[in-house]
Amino acid sequence: MPGPAENQDTYGRLSWAHPAQWAASAAAMAGGFALVQVGANFAGWSPALAELPVALGLGLGTSFASLRKWRFAPLFLAAPWVGVLTESWLGSHTLLIPGALLGLTAAFSHLQPGFRKLDAVNGILAGIGGSALASLMLLQGGALPPLAQALLAGLMATLMLLPALVRWIPRTHVLSEHEVERSLSAVYRPPVLRAGALYRQLEADTDADTLDGLAKVGGWVFSLARSLQIIGRQLETVDHSDLKERIELLALEIEETSDPFTRDRRLATSRHLEQLLHHAEQLRLERDRIASLQEYAVAYLEEARVSLTLVRTLHGEQTPGRIDEVLTRLREHAVEGDARLQSAREVQALG
């Protein structure tokens, strides 16, 4: 069963890391970078040789800024080294490749398990930008004391952590009335329209995280309605009484048939029709399950509306909980329903 479009990039919001996380990341990046730069006595190096300690400083700074991702530390240290070796092989002495690899690694580590192609692009661009700014600071800030120069360069290199600190959080699109009318037949619209109305009532005064969860619940209401519509259309092609009559008539004909070939074909036909009846019964059961799950999701949205009203009216009350529980039940049903809905394809093929 298809779920709602929870990962669409068209709808969503920017999520900014807490200022304390920004400060800690910047300090760790600058500290790790400066540690390597001062230790390498970079001030006496020529620009052509500066990329090696700079690359190691970027890797160590990223490791310090990502202590919760400690298992990725070897990658943080290896990526810039691989980049430097690649640059050397190409006869170049920039930090573009080391920065790109490190930015990609940093984005991958922080954004798991929802890492996307767009995140990879953002990580590469941020890595190139951060390493370029750090390198530029090292080359142009010669008037500063070495430690100050290294710290400033490390702060500039923090740019490569931007994809992890400023993230795009996708939000399921809750359809408008026009979109619902265009997608669903009239009989399947009421729960979806109800869910959309409840979501829009909550939209103005609800915190972003809660609203993300409520949007997903609303998206599931539409997804379930779409599944109900598919099943309903397929059940319309199956005439239960007509099938029963055909099976009974075949049973009589089989008893009166003496030719083995004709008898076998009629037996096979009867088995197919009986299987078709069985599939139809399974579809009716699935339809009832989906309808009950849809009612459950709409009821949760109704409860959330009242609960959030209490939150705004009575200070100290909690925001509506169990969003994760509701979404888990919806997703588990979708996974289980994938197998059951295989019968829908068989009905379509046999009907």
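Refer to the structure printed above.
Conventions we followed
- Residues numbered from 1 in each chain as written.
- Predicted model: local features only at pLDDT ≥ 70, side-chain atom pairs only at ≥ 80, totals over all residues.
- Heavy atoms only, no water.
- 1 Å grid on protein atoms, 1.4 Å probe; cavity = no way out; pocket = protein on both sides within 12 Å on 5 of 7 lines; lining within 4 Å.
- Points joined across faces, edges and corners; volume = space filled by probe spheres on them.
- Helix = DSSP H or I, 4+ residues; strand = E, 2+ residues; numbered from the N terminus.
- Nonpolar A, V, L, I, M, F, W, Y, C, P; charged D, E, K, R; others polar.
- Expected span 1.5 Å × (residues − 1).
- Buried < 20%, exposed > 50% of the residue type's maximum accessible area, 1.4 Å probe, protein only.
- Core = buried A, V, L, I, M, F, W, Y, C linked by side-chain atoms within 4.5 Å.
- Patch = residues over 30% accessible without salt bridge, like charges linked within 9 Å, V, L, I, M, F, W, Y side chains within 5 Å.
- Areas by Shrake-Rupley, 256 points an atom, 1.4 Å probe, with all protein chains shown as cover.
- Salt bridge = Lys/Arg side-chain N within 4 Å of Asp/Glu carboxyl O.
- Lys, Arg positive; Asp, Glu negative; His and termini not counted.
- Charge placed at Lys NZ, Arg CZ, Asp CG, Glu CD.

(A) Region of interest: empty space enclosed by the protein. Inspection of the entire model under this criterion finds one cavity of 30 Å³ or more. Approximately 60 Å³ is the volume attributed to the largest cavity. In terms of lining residues, the largest cavity is bounded by His-173, Val-174, Leu-175, Val-192, Ala-195, Gly-196, Gly-218, Gly-219 and Phe-222. Contributions of two or more residues to the lining of the largest cavity are made by helix H9 (189-203) and helix H10 (208-236). Across the lining of the largest cavity, the residue classes tally to five nonpolar, four polar and no charged.

(B) Inspection of H10 at higher detail. The terminal C-alpha atoms of H10 lie 42 Å apart, and with 29 residues this matches the ideal 42 Å at 1.5 Å per residue to within 8%. Judged by how many residues are buried, H10 sits mostly within the fold: 22 of 29 residues are covered.

(C) Quick look at the nonpolar core. Grouped together as the largest cluster of nonpolar side chains are 41 residues, with contacts concentrated most on Leu-184, Val-192, Leu-214 and Leu-330. At the level of secondary structure, the elements contributing two or more residues to this core comprise H9, H10, helix H11 (240-256), helix H12 (260-313) and helix H13 (323-340).

(D) Region of the structure containing a negative patch on the surface. The grouping of Asp-239, Asp-242, Glu-245 and Glu-248 at the surface amounts to a negative patch. Take Asp-239: it is sitting in the loop between H10 and H11. Among the residues examined, Asp-239 registers a relative accessible area of 44% and is labelled partly exposed.

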